[in-house]
Amino acid sequence: MGVKTGYSDEVTKGFLFWSIIWGLVAVLVGVLISFQLVFPQLNFPPFLTYGRLRPLHTNAAIFGWGIGSFMGMFYYITQRLTKAPIWSLGLARFQLWLFNLVIVLAAVTLLMGYNQSKEYAELEWPIDILVVILWVIFTVNILMTIMKRKEEQMYVSLWYIIATLVGVAVLYLVNNAGIPVSLTKSYSAFAGANDANVQWWYGHNAVAMVLTTPPLAIFYYFLPKSTGVPIYSHRMGIIAFWSLIFMYLWTGAHHLLWTPIPDWVQTLAMGFSIMLIAPSWASVINGYLSMNGQWHQMRDNYLAKFFIFGITFYGLQTLQGPAQAVRTFSAFIHYTDWVPGHVHMGALGWVSLILFAGIYYLIPRLYNTELHSVKLANAHFWLAVTGQLIYSISMWIAGVQQATMLHATNADGSLHYSFMETLTEMYPYWHMRAGGGVIYLVSLFIFIYNIIKTVQSGSATGETARATGAA
Amino acid sequence: MFDLLEKKPVILLLLAAVVIMIGTTVTMIAPFKWINDPSQKIAGVKPYTPLQLEGRDIYIREGCNNCHTQTVRPLVADVARYAPGSTDGYSKVGEFVYDQPHLWGSRRTGPDLARIGGKYPGAWHYKHMVDPQSMVPKSNMPSYAFLKQPLDSSITERKMKALGFPYTQGELDAVKGKTELDAMVAYLQKLGNDIPWRKAAVAGPLVGDLKNPFAGNAAGGVEGKKLYEENCAQCHGKDLKGDIGVPLAELKKTEGEIFTTIYQGLDRLGMPAFGDTLGKEKVWKVISYISSRKGEK
């Protein structure tokens, strides 16, 4: 890269290493709980029941795999875009330790049954406090690095990083407000419908600030780096950024359509969800148009495949999501398997494909080597996409079928099917879903093997050494 | 202006925070003014007793909300299924004022539980929690037999104080010596029972001619047997000799009366209503089967 400052990438390496571990845990637990839904005897009470494992699955995926990789990549990207070293390497090192401590504590306490019950905000208050400390350290370190930058102009990735830092802080602090009664037990500060409304303001904007702005920051930085093409439109990036972070915060209540929160809150959420198609697709189209004249890279450059499929799943996700946010459609598919089908297209398709690409790009550079096997990377790609599609498509069909059955009535107005009659129809789809999960797990093992072999063939001193050596 | 922003990180950060706070203020902060407003209070809705609260905390601990929702939507199918017989049995905002946190959930792998209270007798819940498949064949719910362990009541009072719920010493003492399962069942039996939807639902008599269209039709009884084994045998026994439910073999009721009981349920005995899940035809088939076995010892 021809950079002549002393960047430090050891923390990035650490975060990537650990995020892969937590990602593996998330998928392993995911596969286990998908089998538990088919074979209830696979629940091993009290610690390994579906009810306790599902929060572990989501927390390991979102915070362990997602946030872990973002932290690593944000440190890498920020240093390059500011042409400045990390403001405090000591703090960053401490952050890595604290991050892993939090994830381990999360895993242990969730299995013990200590949870606040709110989705994606399950962790009890002492761990919440550690998370806040973690986030403050991260925010200060990134912002100070930006303040001390040697490149005046801030590239679009840095805006997304800044929005992430602010957004997560606001969301997390409010939704976790509680009344502690012991070290392991607290009650929400809000009651009933208020609590639900706060929770889904948080829940949906965790999707915005954890599962949208960070992968976009990564996409906007690594796509040009990996393909050699510049981003098509800087202006479109600006418009998409501001409208995205403006509109997202209005949409939380689309998780609460037909519930007893005020109708006008639901209607606003519905309207803004549809409006969100515009900024979401601005990023998708920006990605596509950047590839103009370079589409042959989809064949020649495995990284382009990960990025373009990733942004495509983002595009599909942000069409399907607004559709689900419409009252009539929500009445039909909400509470069915359609929704996990939707979520996993975003998690496995969009976010994870972008993260895989980022890691594939980074590891050879950080260890001063070449990727061990492009063939294996391709195998990983196709298996991951296949597993994810089996998962999502089977769940969409299952959701539509169950919804149809749940709403079916007889001539006299009574319901045609009992709840159990609809549930037993789900078993074949749940088998398929578990199969899709296993395929995805296999793809993950291939990925990990490839990364290990790459690291082994490299030297511990990668880009940094090269860069400083040249100085 | 954007050029300026791209060079001023602090301004960008502050502006991003302002932009984020606009939607937040309108859709998250402002609704506090309307939600849980005193005007939406429902007089019958009471705070949890110490035992019910402990049950609720076990519900949270075990993550029941990962598979069960607690909101009945104002949709025909939702009301018919989860508040059967009523027209306005959907969830109201005033029902949740003591729920910290709310437990509305997001996925119905199992059925909604907002109106589960009083649907079944307590004995049904004990059996079901210990061995779900014995009561609901083909269910994928895990066994919660381990909840038979003693309930830890050491911080019950602190919990009641934290939430500001009223309690008596007698209620606190009543928690001691109970199992976790006792608390869980106490909680489930409260759910949805603070508003009188069920009484309103079964008040009216069934109209129309209560005559079995399958009388003397052997096929109806054959299908009825299958329906009986799926829906009734768990409580009334495979041999109709009764268990949680009354024995049926020597039942002294007309077919019309039995129809009313199955279709609308019988609150007093904890008999759930099956009208909305089975429909008239299937209920008559079950009755045909029961009649065919009348008088057996």
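Preceding this section is the structure that the text describes.
Notes on the structure in this doc start here. The residue count restarts for each chain, going from 1 along the sequence in the order it is written. Chain A is the first chain written and ligand 1 is the first ligand written, with later ones labelled in order. Per-residue local features are limited, in this predicted model, to residues with pLDDT of at least 70; the limit for side-chain atom pairs, both in listing and counting, is 80 or more; totals at the level of whole chains, interfaces and linings are taken over all residues. To obtain the side-chain values, all non-hydrogen atoms of the structure were used and water was disregarded.

As a further point, take the pattern of salt bridges. By salt bridge we mean one thing: a side-chain nitrogen of Lys or Arg within 4 Å of a carboxyl oxygen of Asp or Glu. All told, the structure shown has 27 salt bridges over all chains when counted by the stated rule. Taking the shortest distance from any N to any O, the salt bridge between Arg80(A) and Asp9(A) comes out at 2.8 Å. In this pair, Arg80(A) sits in helix 2 (residues 50-82) while Asp9(A) sits in the segment before helix 1 (10-36), placing the two residues 71 residues apart along the sequence. The residue Glu95(B) makes a salt bridge to Arg115(B) at a minimum N-O spacing of 2.8 Å. Of this pair, Glu95(B) sits in the loop between helix 4 (76-82) and helix 5 (122-130) while Arg115(B) is found in the loop between helix 4 and helix 5, placing the two residues 20 residues apart along the sequence. With a 1.4 Å probe rolled over the protein chains alone, any residue whose accessible area is under 20% of its type maximum counts as buried; one over 50% counts as exposed, and the rest are partly exposed. Classification of Arg115(B) as buried rests on a relative accessible area of 3%. Several salt bridges converge on common partners, so that one network encompasses Arg52(A), Arg61(B), Glu62(B) and Glu180(B). Here a helix means four or more residues in a row that DSSP labels H or I, a strand means two or more in a row labelled E, and each is numbered from the N terminus.

Our next topic: a nonpolar patch on the surface. Residues and elements named next belong to chain A. On the surface, a cluster of nonpolar side chains totalling about 510 Å² of accessible area is made up of Phe 44, Phe 47, Leu 48, Val 104, Val 108 and Met 112. Structurally, Phe 47 can be placed in the loop between helix 1 and helix 2. Relative accessible area serves as the criterion here: at 42%, Phe 47 is assigned to the partly exposed category. The residues that make up patches have over 30% relative accessible area and no salt bridge, and they are joined within 9 Å when like-charged or within 5 Å when they are Val, Leu, Ile, Met, Phe, Trp or Tyr. Exposure was quantified through the Shrake-Rupley algorithm and a 1.4 Å probe, taking into account, for residues, occlusion by the shown protein chains and nothing else.

Residues and elements named next belong to chain A. To obtain an axis, a line is fitted to C-alpha atoms, over the contacting stretch when the element is a helix, and the angle between two such axes runs from 0 to 180 degrees between their N-to-C directions. Contact geometry for helix 7 (residues 213-227) and helix 12 (residues 302-324): axes closest at 10 Å, N-to-C directions at 150°. On the basis of their axis angle, the class for helix 7 and helix 12 is roughly antiparallel. Crossing handedness for the pair helix 7 and helix 12: left-handed. Touching Leu 216, Phe 219, Phe 222, Leu 223, Ser 226 and Thr 227 of helix 7 are Leu 303, Ala 304, Phe 307, Ile 308, Ile 311 and Tyr 314, all from helix 12. The cut-offs work like this: below 35 degrees is roughly parallel, past 145 is roughly antiparallel, 65 to 115 is roughly perpendicular, and the gaps in between are oblique. Throughout, a crossing is termed right-handed when the near helix is turned clockwise from the far one, and left-handed when it is turned anticlockwise from it by less than a right angle. Contacts are assigned to residue pairs with any non-hydrogen atoms lying within 4.5 Å of each other.

Further remarks concern the packing of aromatic side chains. Stacked, tilted and edge-to-face are the three classes assigned to paired rings of Phe, Tyr and Trp, where Trp is represented by its six-membered ring and a pair needs centres within 6.5 Å; plane angles under 30 degrees give stacked, over 60 edge-to-face, the rest tilted. With the rule as written, the count across this model stands at 51 aromatic pairs over all chains. Ring centres 5.1 Å apart and planes at 75° place the aromatic pair Phe306(A) and Phe381(A) in the edge-to-face group. A residue pair is termed long-range when its members are at least 10 positions apart, and Phe306(A) in helix 12 and Phe381(A) in helix 15 (residues 374-407) qualify at 75 residues. Here the two residues Phe306(A) and Phe381(A) agree in accessibility, since each one is buried. Considering the side-chain rings of Tyr120(B) and Trp124(B), the 3.7 Å spacing of their centres and the 5° angle between planes classify their relative orientation as stacked. Accessibility assignment for this pair places Tyr120(B) and Trp124(B) in one class, buried. An aromatic cluster is present here, built from Trp65(A), Tyr302(A), Phe306(A), Phe309(A), Phe313(A), Phe356(A), Tyr360(A), Phe381(A), Trp382(A) and Phe447(A) joined pairwise through their rings. Over the ring of Tyr367(A) we find Lys13(A), and its NZ or CZ is 4.5 Å from the ring centre. Whether a charge sits over a ring comes down to the Lys NZ or Arg CZ being within 6 Å of the ring centre and within 35 degrees of the ring normal.

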